[in-house]
Amino acid sequence: MIQSISLKDDCNNRSKGTTRRSNNSIRLLATESENGSSSKTADVGEGKGENEKKNTAEKKKSNYPKLHVQTNGRVVAIGDLHGDIQQARRALRIAGVLGKDDDDNVNPQWVGGDTVLVQVGDVLDRGDDEIGILILLQKLGKAARKAGGDVFILNGNHEVLNISGDFRYVSRGAFHESMRFSDHLVKLFGKDAVPGRRRRRSSKQEDGEEEEEEEEEEDEMDEWRKQTNARVGLFSPGGPLAQQLSMHNTVLIVNDTVFAHGGLVPRHVDFGLDKLNKSVSEWMRGKRIEDEDTKVALGMAIGGVKDSVVWHRAYGTEHYATNTERTNACTLLSRTLEKINEIEGIPVKRLVVGHTPQMQGANCECDGKIWRVDVGMSFGVLGANPQVLEIIGDEVKILTREAPVTMSKL
């Protein structure tokens, strides 16, 4: 049985309870399995159920992440994963959505039925298996949609850092993984599939003007430069992985719960949450950002300021220094949720965030209006035991232990 913490009435008075399990698109990457074998995964379009066809059609029509999703199933949220695929698998099993058998490393089995899973961002950095996690979540998402559920991944500040070319938190193992994945794409689609796999050299002519020469092949580069070029090619705006991340939400509302990596404030809502999602997607796809509206949206969503969506930390404080600080944060949050109700017409009750590791595990504040799910589970951060947030109707719980899994009949 899953051990859980039930916090329905007062999130500061924790009582242990048990949980129950309900039985109740994006372009996929060409992937390589974790055991080294490779296969090209198809676009989500094969064997769709009615719900999946509808959801895929809507996504293709808009070509941008959908802000609001409604579901009758349970909702589970997982915090920052930071490149640790083993801890990610543990969290997914605690969430009750990942099967467990000998074939799971290659073909993970979705056992969550109509569950909607939200991963709140920061898949990248600090660990060695970032792309492996992205592939795992993509495969689970494809299977989930067939069962009436779904998987959503948010963009966090570390996704933004990598697309900006800031690799200071990238592990050596992750550079190796980028090179392997880049090699895989090149093998399937040729060197043009990944920008930067070869570059042009120039030389000075006698008259002093530069002349462009032939492309420099990779066998002329040292290993570190190859790996760096591969990562730049994958993650630069318009690159294969940047385009994949562009399909992820920066803000997501599921039923009456809003999800953001760092946080939201009233000015974000006033400006337009859909605009924030769209601006980040366009930037990641390599679109030239020239209009002022999109520039402002990008600043609010991913700018290096304390109240941008992916960097905000005011709600992540585990222990406020004073009651005044706590009151100010809770008041700001209440105003934000009221704004969403007023402008988006969605009566949201709570905000779920990651970004700030919680030293004592997942928790909530402000009478249950803010839930913090980054427990620092990656061994590149704290190596803490994974925890998962579960929402069923008005009941919110923190799941802390894996339960025996009964395979769903899909």
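Check the entry above for the structure.
Residues numbered from 1 in each chain as written. Predicted model: local features only at pLDDT ≥ 70, side-chain atom pairs only at ≥ 80, totals over all residues. Heavy atoms only, no water.

## Regarding the sheet that holds strand β15 (residues 370-372)
Spatially, the 6 strands line up as an open sheet ordered β5-β11-β12-β13-β15-β14, and their pairing is mixed. The sheet is open, and its two borders are formed by β5 (68-69) and β14 (363-365), each paired with just one other strand. One ladder, built from 3 bridges, connects β14 with β15; its direction is antiparallel. Opposite N363, over in β15, you have R372 as the bridge partner. Running over the sheet, helix α11 (residues 323-344) touches β11 (251-254), β12 (257-260), β13 (350-353), β14 and β15 and is turned about 110° from β13. (Pairing = 2+ DSSP bridges. Helix = DSSP H or I, 4+ residues; strand = E, 2+ residues; numbered from the N terminus. Contact = heavy atoms within 4.5 Å. Axes fitted to C-alpha atoms, helices over the stretch in contact; angles between N-to-C directions.)

## Concerning the state of the cysteines
Summed over the entire model, instances satisfying the criterion amount to 1 disulfide. The disulfide bridge from C330 ends at C366, spanning 2.0 Å between sulfur atoms. Its S-S torsion of about -80° marks the bond between C330 and C366 as left-handed, since a negative value means left-handed. Of this pair, C330 sits in helix α11 while C366 is found in the loop between β14 and β15, placing the two residues 36 residues apart along the sequence. As far as burial versus exposure is concerned, C330 and C366 are alike and both buried. (Disulfide = S-S within 2.5 Å. Buried < 20%, exposed > 50% of the residue type's maximum accessible area, 1.4 Å probe, protein only.)

## Some details on the packing of helix α3 (residues 130-146) against helix α5 (residues 172-189)
α5 packs onto α3 with a crossing angle of 60° between their chain directions and a minimal axis gap of 8 Å. The orientation of α3 with respect to α5, classified from their angle, is oblique. Judged by residue contacts, E130, I131, G132 and I135 of α3 engage A174, E177, S178 and F181 from α5. Along the lines of polarity and charge, the residues of the contact of α3 with α5 split into 4 nonpolar, 2 polar and 2 charged. (Parallel < 35°, antiparallel > 145°, perpendicular 65-115°, else oblique. Nonpolar A, V, L, I, M, F, W, Y, C, P; charged D, E, K, R; others polar.)

## Brief notes about the packing of aromatic side chains
Overall, the coordinates contain 2 aromatic pairs when judged by the stated rule. On the numbers, 6.1 Å between centres and 85° between planes, the contact of F167 with F175 is edge-to-face. Neither F167 nor F175 differs from the other in exposure class; each is buried. Taken together, the ring pairs connect F167, F175 and W224 into an aromatic cluster. Over the ring of F167 we find R231; its NZ or CZ atom is 5.6 Å from the centre of that ring. For K275, the ring lying beneath its charged end belongs to F271, and the centroid distance is 5.0 Å. (Phe/Tyr/Trp six-rings, centres within 6.5 Å; stacked < 30°, edge-to-face > 60°. Lys NZ or Arg CZ within 6 Å of the ring centre and 35° of its normal.)

## Observations concerning the nonpolar core
It is characteristic of soluble globular proteins that their nonpolar side chains tend to be buried jointly. Judged by nonpolar contacts, the single largest core of 96 residues is most densely connected at F259 and L351. A per-element tally of this core places α3 first, with 9 residues. What F259 contacts, discounting residues up to four positions off in sequence, is V75, A77, V118, V120, L154, T250, V251, L252, V254, L351 and V352. (Core = buried A, V, L, I, M, F, W, Y, C linked by side-chain atoms within 4.5 Å.)

## A closer look at the pairing of strand β7 (residues 116-119)
Alternating positions in β7 separate into two faces, V116 and V118 on one and L117 and Q119 on the other, with burial throughout. Sheet analysis places strand β6 (residues 75-78) next to β7, joined by 4 bridges and oriented parallel. Bridge pairing in β7 links A77 to V118. As judged from the 4 bridges shared by β7 and strand β8 (residues 150-153), these two strands associate in the parallel manner.

## With respect to helix α10 (residues 292-302)
Burial in α10 covers these residues: T294, A297, L298, M300, A301 and I302. Taken around the axis of α10, the buried residues stretch over an arc of 165°, which confines them to a single face. Looking at the buried positions of α10, the neighbouring elements they touch are α4 (157-163), α8 (266-271) and α9 (273-284). (Arc of directions from axis to C-beta.)

## Quick word on the pairing of β11
Alternating positions in β11 separate into two faces, V251 and I253 on one and L252 and V254 on the other, with burial throughout. Here β5 pairs with β11 via 2 bridges, running parallel. When the sheet's bridge partners are listed, V69 is paired in β11 with V254. Pairing analysis gives 4 bridges linking β11 to β12, with the strands arranged antiparallel. By the bridge assignment, I253 is partnered in β12 with V258. Between the end of β11 and the start of β12, which pair antiparallel, lie 2 residues, with N255 showing a positive phi angle near 55°.

## Quick word on α3
Spacing of three or four residues puts side chains on the same side of an α-helix, whose turn is 3.6 residues. Compared with an ideal rise of 1.5 Å per residue, which puts 17 residues at 24 Å, α3 spans 25 Å between its outermost C-alpha atoms and is within 8% of the ideal. Of all the 17 residues making up α3, 15 are buried; the element is thus mostly covered by neighbouring parts of the structure. Downstream of α3 by a residue or two, G148 has a phi angle that is positive, lying close to 95°. (Expected span 1.5 Å × (residues − 1).)

## Focus: the pattern of salt bridges
Counted by the stated rule, this structure contains 15 salt bridges. Between E390 and R74 there is a salt bridge, with its nearest N and O atoms 2.7 Å apart. With E390 in strand β16 (residues 388-392) and R74 in the loop between β5 and β6, the pair connects residues that are 316 residues apart, well separated along the chain. For the residue pair E390 and R74, the accessibility class agrees, reading buried in each case. The shortest N-O distance in the salt bridge between R372 and E365 comes to 3.9 Å. Taking relative accessible area as the criterion, R372 reaches 2% and is therefore assigned buried. Here E365 falls in the buried class, since its relative accessible area comes to 9%. Three or more residues are tied together by salt bridges with common partners; here these are D256, K349, R350 and D394. (Salt bridge = Lys/Arg side-chain N within 4 Å of Asp/Glu carboxyl O.)

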